[in-house]
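# Architecture at a glance
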Amino acid sequence: MNAVEKILAAHCGETEVHPGMIVDVALDAVMANDATTCLAIDIFKDRIGADRIFDPAKVILIMDHYTPSSSIAAADSHNRMRAFAKDQGLHHVYDGLGVCHQLMMERHVAPGQLIIGADSHTCSYGALGALATGMGSTDVAVAWSRGRIWMKVPETIAITVTGKWPKGVFAKDLIMRIVGDLTARGATYKALYFRGPAIEALSIAERMTLANMVIEAGAKFAYIRPDEKTREYLGEMGRSDYNVVEDDEDSVFEKTLIYDVGDLQPQIAFPHSVDNVRDISAFEGTEIDEYFLGACTNGRYEDLEVAASILKGCKIAPGVRFLVTPASTEVYRRTIGSGLIEVFIDSGAMIGTPGCSACFGGSGGILGKGERLLTTANRNFRARVGSPESEIYLASPATVAASALAGHITDPRRIM
Amino acid sequence: MIQGKAIIFGNNIDTDQIIGAHHLTLPSIADMALFAFEHHENFTDHFTKGDIIVGGENFGCGSSREQAPAVLRERGVAAIVAKSFARIFFRNAINLGLPVIVCPEIDEIEDSARLEIWDNCIKDVTAKRQYSIVALPYFIHNLVAAGGIIDYLRKKEQNAGRR
């Protein structure tokens, strides 16, 4: 078995699992956020008729999509979440402290765990060697009551990445290229297992970007084998009690895709589909109204650091807006401490409250008719961030920063 | 057998299009359902209760929001037929008892065609054609037959209690 299959086997009590098998797995954590919790509460109480959740230490609720409460309806749903959390005696409830996935990876996730979340980007936790996937509110409500859920053991596609990362090219560019190649449905129900020297060379922050976007190709899990960098990251976060799962020697993969990042260009995903990906050269000069740096895709310290290195001492183009939202208060604190926030403020940026911000269209940064957004987020669906007649373009933090200075899509290698 | 008029959609219909983010905090699915496919005129102008949505590849991709299949069920969508479905949407629809049917040959179906969905096939009454549908794996079939995971588990527990 490969590591993905071994983690699933360990959570369903089978000595061996194989792709296609349906297994009933025990969960290490169940996360839900303010876009999905209230529906899950209704289902938990009314349809299941349940009273208590299985373990108040393992059910985690996070308010991040509409924080600080962005409407009366949002305030009411936040209050329902707080009341449920109090009634159930939950140990971990985060209220406006950052994007759910960032908080989960900073505070909870460990290698070898199996986690579900009522949010499609839960797959991010594969960056730390955990298996995690998004499910709907009914499955989450069932998991709240049983601590278990059914899963199909997925086929695993290995993605071996070699080569030296060129200047101005990042994990964001690679995952967009992969989604473009696989298409938005090319990995449906599969696990994507990233490996190879160019993956080992990535920081934990960039691995999180990579794992975050596998859902954009339809995948169920991402997986990256934990290494010394993982150990160091988790150590800093105060977690050391876990076991790293190794692939068996006779591991089977459905197929292996090979990428060499040496000749990868900065990528852009054009409206209105994440797999509509092209080299940046095809669309340099496209005028943009709003720029967003943040989200569970690219709101970490390292992302802000790269952007600040480009912006330092410069002003954004006249007439454009630039919104910077750290992915968590912890990222925010570091960004203040090291002076990055000052660079953003000096450049003319607005600073957002840690959370989903302009990725989700739930709490600011909304686009009007005919406007264009260049964003480090993970989705460019029509009307996701405002008007159905607006356009969303996806890019790396470096591309967003370089473009904000110019006022149009700009190759960051011209500046870096 | 399910009968209804076809409302045609393309590939990669994402959950943001089905129900926008800013509607998800409304107090009930009934409140949200008023905004289902709000930017799609073929739905807002032509849908009537009992119609069948016909999608292309990867129907329901994007977020995990169960509100997406829930608002479609609330509006009275009788079934969704698509070439393929996104994983989370497919699970969510099954859990809500909303029929989701995989049929690779739907390109032939035209907007407003009268459809009949039978156990093993779809009949296009308007075009006098018939298309085969992809059978579900045994476990999923049982989930669908039970009306979703909650009733499936309830029946399983009842059966265990009887033994």
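Residues numbered from 1 in each chain as written. Chains lettered and ligands numbered in written order. Predicted model: local features only at pLDDT ≥ 70, side-chain atom pairs only at ≥ 80, totals over all residues.

The next thing to look at is the domain arrangement of chain A. All names here are of chain A. Per the domain assignment, the segments of chain A are domain 1 (3-260) and domain 2 (265-414). Placing a centre on the C-alpha atoms of domain 1 and another on those of domain 2 gives a separation of 24 Å. At the junction of the two partners, domain 1 supplies 36 residues and domain 2 supplies 35 residues. Listed by contribution, the elements that provide at least two residues to the side of domain 1 that touches domain 2 are α4 (100-107), α6 (171-182) and α8 (204-212). A per-element tally of the side of domain 1 that touches domain 2 places α6 first, with 6 residues. The class makeup of the residues in the side of domain 1 that touches domain 2 is 13 nonpolar, 15 polar and 8 charged. (Domains from an automatic or database assignment. Contact = placed C-beta atoms within 7 Å. Helix = DSSP H or I, 4+ residues; strand = E, 2+ residues; numbered from the N terminus. Nonpolar A, V, L, I, M, F, W, Y, C, P; charged D, E, K, R; others polar.)

Moving on, we get to the sheet that holds strand β8 (residues 156-162) of chain A. Residue and element names in this part refer to chain A. Ordered by their spatial adjacency, 4 strands build an open sheet running β10-β9-β8-β11, and the pairing between neighbours is parallel. Among the strands making up the open sheet, the edge pair consists of β10 (221-224) and β11 (255-260). Put simply, the sheet's adjacent strands are angled 20° from each other on average, direction ignored. Strand direction decides the pairing type here: strand β9 (residues 191-195) and β10, joined by 4 bridges, are parallel. Each bridged residue has a counterpart across the sheet, and for F194 the counterpart in β10 is I224. Running over the sheet, helix α1 (residues 3-12) touches β8, β9 and β10 and is turned about 110° from β10. (Pairing = 2+ DSSP bridges. Axes fitted to C-alpha atoms, helices over the stretch in contact; angles between N-to-C directions.)

All names here are of chain A. Buried within helix α9 (residues 228-236) we find T230, Y233 and L234. Axial view of α9: buried residues confined to an arc of 95°, hence all on one face. The exposed residues of α9 that point more than 90 degrees off its buried face are E228, E232, G235 and E236. Buried positions along α9 lie against α8. (Buried ≥ 20, exposed ≤ 12 C-beta atoms within 10 Å, placed from the backbone. Arc of directions from axis to C-beta.)

At a minimum axis distance of 10 Å, the contact between helix α5 (residues 137-146) of chain A and helix α7 (residues 149-162) of chain B shows a crossing angle of 35°. When α5 of chain A is examined against α7 of chain B, the residues T138, D139 and V142 of chain A are found in contact with a partner set consisting of I149, I150 and L153 of chain B. Residue classes in the contact of α5 of chain A with α7 of chain B are distributed as 4 nonpolar, 1 polar and 1 charged.

Looking now at unusual backbone geometry. All names here are of chain A. Going from T67 to P68, the amide bond is cis rather than trans, its omega being -20°. For P68, the location among the structural elements is in the loop between β3 (59-63) and α3 (72-88). Of note, the phi angle at S357 is positive, near 50°, even though the residue is not glycine. Relative to the assigned elements, S357 resides in the loop between β16 (350-351) and β17 (372-375).

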